[in-house]
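Take a look at the letters that make up each chain.
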Amino acid sequence: MHSATYDNLLAVYRSTSILSVLAGIAGVLVLRGTLRAARRKLKTTSLRGPPGTHPIFGVSKDLFESSDTGEIFETWAEEYGSAYEVPTSFGGKKIMLCDPRALAHYYARETWTYVLTDSTRVFLERGFGRGILWAHGEDHKRQRKSLSPAFSHAALRKLAHVFYNCAHKTKAGWDALIDMSGGESAVIEIQDWMNHISLDTIGMAGFSHEFGSLDGKPATIQKVFSAFDTSAKQSFIDVAVVLFAEVFPVFSYIPVSCVQSLTDMQETLSGVAKKLLARMEKEKEEGVIDGKRGQTYRGPSLVKATEAEGGRHVTPEEVLVVVITYWRDHQMKELLLAGYITTSNSLTWALVELARNPDIQSKLRDELLAFGSEPTYDQLQSNLTLPYLDAVVHESLRMHAPLTDFVRVRRTTLSPLSEPVISKSGQAVNSISVARGTRIGLPLACINRSTAIWGPDAKVFRPCRWLEKDGIPKKAQDGFAVSEIKAVLSVLVKSFIFEMRDGPNTQIELCRGILPRPRVVGEDGDAMPLRVTRYEGF
């Protein structure tokens, strides 16, 4: 009896000890977080900003559920200035920067001074591995240097034929659809076609692999991205887990639907990428080029990156991650040069804007027809050969950036401003002190359409702003994606007239997915149907 009582008391003691330990650990973490927050508050300039709309999530839930955060951020910028703070989950805050000088400071120090948040790194690692988007500091510098030859002008110059091949396949497909309709036009869901173009281009240009989606072959990659977009309709639990993960990254491992979709996507992409790399390595060993043996292997540029020497060497695992990353993104920072979702998204928006603006579309077509032949890669890179095409593409990218906003963590303590803002105390400040660990947000959709930066017509699609004498001093550097967009538009705009299916007043909204995509209001998924008419004015 005494033994049983002793065992029971010992069990209670042990359970109590475990609970006490766990409670103690939780208390230490909370205290640590509170002290850090207090330290950041003391060392950070106290800025004005909007009040929280939720007792737990601040304004984070509103932003997460919004289809167009740019409008929200712009309203706040007009009220509080080009630098302001917004309340986030669990009493946290982040500083939003819309100031040009602060932006220049950011881009000059990216990956060193401004680093990814812990929650973002967990997301990228789970979805795409420890690649160039995940890395920062020396690791990012090493991977970027190793991969830069793969995206040099010399390497990309050889890929123009891939862009045109996919564009002409699309033209042939649309001609067939118009013929089947029995008239001179047909309603075509262009977003799906732009997905096909981007996938087939990246397959051939990056890995010498034919996905064949423009030929009607089913592609696993497209299915997994579509599945992820379909899962974008999330429950309150899904939203809560994502917002909790911003503060406590461990929540990223809770298997809610959006997290599970991310895991499924990673597994699928890894499987496809490994097969491609295995095939390319085998062909390299056998000296196979385009099915022909006995020749020196000149494989895709991404694989060539594994052959770099010394400190510029990247491992096959990192190349695998880059393969996955290359399909996924190019955002988040202008790393976003060529890819699947971002390029297809940008192509779709460019065609939508041309359909909305028939005068601009006609002017572009006239330039392309006057030029005659298909521009070479070097001509696509120049803003002098086809200046209006260049302006249309840059204006579309300005109006519809693939990524609407992103957040980084600050490592140092000062951000300069081009014009003063009013702090909470009512004082005008020309720079803001920012404690280490403070979250900094860049609302790209707001910045790209800011009247303070772009003038009173900032929200108007007006390509000529890029051609004016006192206009934009420097455009985005043209790379793989911009050249692909130009090549595709040069073929399609010469061949077809684009109109909104339901007339010029057709309403378009953004639908959530991996990245926001346009769709006609009332359509399912991300459908973006346009009326496409064969151009007969040659």
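First things first, this report covers the structure right here in the doc. (Residues numbered from 1 in each chain as written. Predicted model: local features only at pLDDT ≥ 70, side-chain atom pairs only at ≥ 80, totals over all residues. Heavy atoms only, no water.)

### What about the overall build of the protein?
For the protein, the count of helices and strands is 21 helices and 12 strands. The 538 residues of the protein split such that 51% are buried. Sequence separation of 24 or more characterises 72% of the internal contacts of the protein that already satisfy a separation of 6 or more. Of the roughly 25,500 Å² of accessible surface on the protein, a fraction of 57% belongs to carbon and sulfur atoms. (Helix = DSSP H or I, 4+ residues; strand = E, 2+ residues; numbered from the N terminus. Buried < 20%, exposed > 50% of the residue type's maximum accessible area, 1.4 Å probe, protein only. Contact = heavy atoms within 4.5 Å. Areas by Shrake-Rupley, 256 points an atom, 1.4 Å probe, with all protein chains shown as cover.)

### Section: helix 11 (residues 236–247)
For helix 11, built from 12 residues, the straight-helix expectation of 16 Å at 1.5 Å per residue is met to within 8% by its first-to-last C-alpha distance of 17 Å. Every buried residue belonging to helix 11 is among Asp238, Val239, Ala240, Val241, Leu243, Phe244 and Ala245, and all of these are buried. (Expected span 1.5 Å × (residues − 1).)

### Examining the nonpolar core
In this structure, Trp174, Leu489 and Phe498 are the most contacted members of the largest nonpolar core, which totals 54 residues. With 9 residues, the top contributor of residues to this core is helix 21 (residues 480–495). Setting aside chain neighbours within four positions, we find Trp174 in contact with Ile188, Ile190, Trp193, Met194, Leu351, Leu492, Phe496, Phe498 and Val532. (Core = buried A, V, L, I, M, F, W, Y, C linked by side-chain atoms within 4.5 Å.)

### Thoughts on the packing of helix 8 (residues 160–181) against helix 21
The contact between helix 8 and helix 21 brings their axes to 9 Å, and the two run at 35°. Helix-helix and strand crossings are classified by hand; for helix 8 and helix 21 the assignment is right-handed. Each of Phe163, Tyr164, Ala167, His168, Thr170, Lys171 and Trp174 in helix 8 lies in contact with helix 21, whose residues at this interface are Phe480, Ser483, Glu484, Ala487, Val488, Ser490, Val491, Leu492 and Ser495. Residues that form the contact of helix 8 with helix 21 fall into these classes: 9 nonpolar, 5 polar and 2 charged. (Axes fitted to C-alpha atoms, helices over the stretch in contact; angles between N-to-C directions. Left-handed = near helix turned anticlockwise from the far one by under 90°. Nonpolar A, V, L, I, M, F, W, Y, C, P; charged D, E, K, R; others polar.)

### Here's the deal with the packing of aromatic side chains
Inspection of every chain in the model, using the stated rule, returns 7 aromatic pairs. Their ring planes at 45° and their centres at 6.5 Å tell us that Tyr80 and Tyr84 sit as a pair that is tilted. We classify Tyr80 as buried; its relative accessible area is 11%. Through a chain of ring-to-ring contacts, three or more aromatic side chains come together here, namely Phe73, Trp76, Tyr80 and Tyr84. (Phe/Tyr/Trp six-rings, centres within 6.5 Å; stacked < 30°, edge-to-face > 60°.)

### Some details on the pattern of salt bridges
Inspection of the entire model under this criterion finds 18 salt bridges. Residue Lys93 is joined to Glu85 by a salt bridge in which the shortest nitrogen-to-oxygen separation is 3.8 Å. With a relative accessible area of 43%, Lys93 lands in the partly exposed category. In this structure, Arg534 engages Glu184 in a salt bridge whose closest nitrogen and oxygen atoms are separated by 3.6 Å. Residue Arg534 is found in strand 12 (residues 529–534), and its partner Glu184 is found in the loop between helix 8 and strand 4 (185–189); the two are separated by 350 residues along the sequence. A relative accessible area of 18% means that Arg534 is categorised as buried. (Salt bridge = Lys/Arg side-chain N within 4 Å of Asp/Glu carboxyl O.)

### Description of the packing of helix 16 (residues 358–371) against helix 21
Between two packed helices, both the angle of their axes relative to each other and the distance between the axes serve to describe the pair. For the pair helix 16 and helix 21, the least separation of the axes is 9 Å and the interaxial angle reads 105°. Classified by the angle between their axes, helix 16 and helix 21 sit roughly perpendicular to one another. Within the contact between the two elements, helix 16 uses Gln361, Leu364, Arg365, Leu368 and Leu369 and helix 21 uses Leu489, Ser490, Val493 and Lys494. Residues that form the contact of helix 16 with helix 21 fall into these classes: 5 nonpolar, 2 polar and 2 charged. (Parallel < 35°, antiparallel > 145°, perpendicular 65-115°, else oblique.)

### Quick notes on helix 18 (residues 387–399)
Relative to the 18 Å expected for 13 residues at 1.5 Å per residue, helix 18 spans 18 Å between its end C-alpha atoms, a close match to the ideal helical length. For helix 18, the buried fraction is high: 11 of the 13 residues fall into the buried class. All of the buried residues along helix 18 are Tyr388, Leu389, Asp390, Ala391, Val392, Val393, His394, Glu395, Ser396, Arg398 and Met399. Among the structural elements, helix 15 (341–356), helix 16, helix 19 (444–448), helix 20 (451–454) and helix 21 are those in contact with the buried residues of helix 18.

### Points about the sheet that holds strand 12
Ordered in space as 4-12-9, the 3 strands form an open sheet in which the pairing is antiparallel. Each having just a single partner strand, strand 4 and strand 9 (496–500) make up the two edges of the open sheet. This sheet shows a mean twist of 35° between the axes of neighbouring strands, independent of strand direction. In this structure, strand 9 lies alongside strand 12, joined through 5 bridges in antiparallel fashion. By the bridge assignment, Phe496 is partnered in strand 12 with Arg534. (Pairing = 2+ DSSP bridges.)

### Structural notes on a nonpolar patch on the surface
On the surface, Ile56, Phe90, Val247, Phe248, Val250 and Tyr253 cluster together into a nonpolar patch covering about 550 Å² of accessible area. By the element assignment, Val247 lies in helix 11. We classify Val247 as partly exposed; its relative accessible area is 35%. (Patch = residues over 30% accessible without salt bridge, like charges linked within 9 Å, V, L, I, M, F, W, Y side chains within 5 Å.)

### Considerations on the side chain of Thr533
When you line up the elements, Thr533 lands in strand 12. Ignoring any residue separated from it by four or fewer positions in sequence, one finds Thr533 in contact with Ile178, Glu184, Ser185, Ser495, Phe496, Ile497 and Glu499.

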